[in-house]
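Examining the three-dimensional arrangement
Single-letter residue listing:
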Amino acid sequence: MDDSEDDNVVVAYKYIVQSAHNLYQPVPVQVASKELAHRDRVSADVRMMQDYFNFNYFYGNKKFHYRFGMYRPLFLRILSKNIEMDHEFEQRPDVAGIMGHSPHMKMIAVMKCLCKAVPPYSIEDYTEMGARTIYRNLKRFLDALMYGFNDRYMRRPLQDDTDRLLRENAAWGFPGMLGSIVCLHWQWTACPTYRAGQHYSVHKRA
């Protein structure tokens, strides 16, 4: 075998090796860079405080209750307890020195998700808060709520609690009702005629 044949063998070998390499080489994919969204948290917080919490707020008590499932004093009480239990709810500056979301904004985002079943990505434009951040605040809110109010509201009812509930329900015209009216065998004599026969109790009475 002369030198020319050796060269042809080497070239053929390199060609086969390169072909095999190309065969098993993964197809390169374009690395998508993370899309950065500039969020004006300060302006969003100022707008939110003017809407709901400043002295001359824009939305009154009824609107507040409709949007967040509770009245403003209860909202502020729960918020204060959550800040006490979890300091992450406090407003803190980021690494650039820009103030982060206020505790009020964090809880507003959480309550919109809980009370109105609004998906987090649907309120990003108002809260200027990412969906992942809302999910994280939601989890921390539930943890703080459990640890903050567990001893008072998640315990077995005492005799005083039972007596108080019975008195309150009797004053509303439902004597003997402790929990929900659904659990009470109450015959509804004023049921609308077009709904007659739709709802029956275990005693076959409407």
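Scroll up to find the structure this text is about.
These figures come from a predicted structure and were not determined experimentally.

**Section: the overall build of the protein chain**
Counting its secondary structure elements, the protein chain contains eight helices and zero strands. The order of α-helices and β-strands along the protein chain, N terminus first, is α-α-α-α-α-α-α-α. Across the 206 residues in the protein chain, those meeting the buried criterion constitute 24%. Of the roughly 15800 Å² that the protein chain leaves accessible, carbon and sulfur atoms contribute 58%.

**Observations regarding the state of the cysteines**
A complete count under the given rule lists zero disulfides for this structure. There is no disulfide at Cys115, and the cysteine sulfur nearest it, in Cys113, is 9.8 Å away.

**Digging into the pattern of salt bridges**
Counted under the stated rule, the structure contains six salt bridges. Where Lys81 meets Glu84, a salt bridge forms, and the shortest distance between an N and an O atom there is 3.8 Å. Taken together, the residues Lys81 and Glu84, both in helix α4 (residues 72-85) and three residues apart, mark about one turn of the helix. Among the residues examined, Lys81 registers a relative accessible area of 24% and is labelled partly exposed. The partner of Glu88 in a salt bridge is Arg92, with the nearest N and O atoms 3.5 Å apart.

**Examining the packing of helix α2 (residues 41-52) against helix α5 (residues 103-116)**
The N-to-C vectors of α2 and α5 enclose an angle of 75 degrees; their axes lie 10 Å apart at closest approach. Looking at the two axes, α2 sits roughly perpendicular to α5. For the pair α2 and α5, contact is made by Ala44, Asp45, Met48, Met49 and Tyr52 and by His104, Met105 and Ile108, respectively. Looking at side-chain class alone, the contact of α2 with α5 contains six nonpolar, one polar and one charged residues.

**Topic: the packing of aromatic side chains**
Going through the model one piece at a time under the given rule, you end up with 11 aromatic pairs. Each ring, one from Tyr52 and one from Tyr59, has its centre 5.3 Å from the other, and the planes form 25 degrees; the classification is stacked. As far as burial versus exposure is concerned, Tyr52 and Tyr59 are alike and both buried. Measuring from centroid to centroid gives 5.5 Å for Phe53 and Phe75, while their planes differ by 35 degrees, and the two rings are tilted. Residue Phe53 is found in the loop between α2 and α3 (61-68), and its partner Phe75 is found in helix α4; the two are separated by 22 residues along the sequence. This pair shows no difference in class: Phe53 is buried, exactly as Phe75 is. A connected cluster of aromatic rings, assembled from ring pairs, spans Tyr52, Phe53, Phe58, Tyr59, Phe64, Phe68 and Phe75.

Cut-offs applied
- Residues numbered from 1 in each chain as written.
- Predicted model: local features only at pLDDT ≥ 70, side-chain atom pairs only at ≥ 80, totals over all residues.
- Heavy atoms only, no water.
- Helix = DSSP H or I, 4+ residues; strand = E, 2+ residues; numbered from the N terminus.
- Buried < 20%, exposed > 50% of the residue type's maximum accessible area, 1.4 Å probe, protein only.
- Areas by Shrake-Rupley, 256 points an atom, 1.4 Å probe, with all protein chains shown as cover.
- Disulfide = S-S within 2.5 Å.
- Salt bridge = Lys/Arg side-chain N within 4 Å of Asp/Glu carboxyl O.
- Axes fitted to C-alpha atoms, helices over the stretch in contact; angles between N-to-C directions.
- Parallel < 35°, antiparallel > 145°, perpendicular 65-115°, else oblique.
- Contact = heavy atoms within 4.5 Å.
- Nonpolar A, V, L, I, M, F, W, Y, C, P; charged D, E, K, R; others polar.
- Phe/Tyr/Trp six-rings, centres within 6.5 Å; stacked < 30°, edge-to-face > 60°.

So yeah, pure geometry; function would need other evidence.
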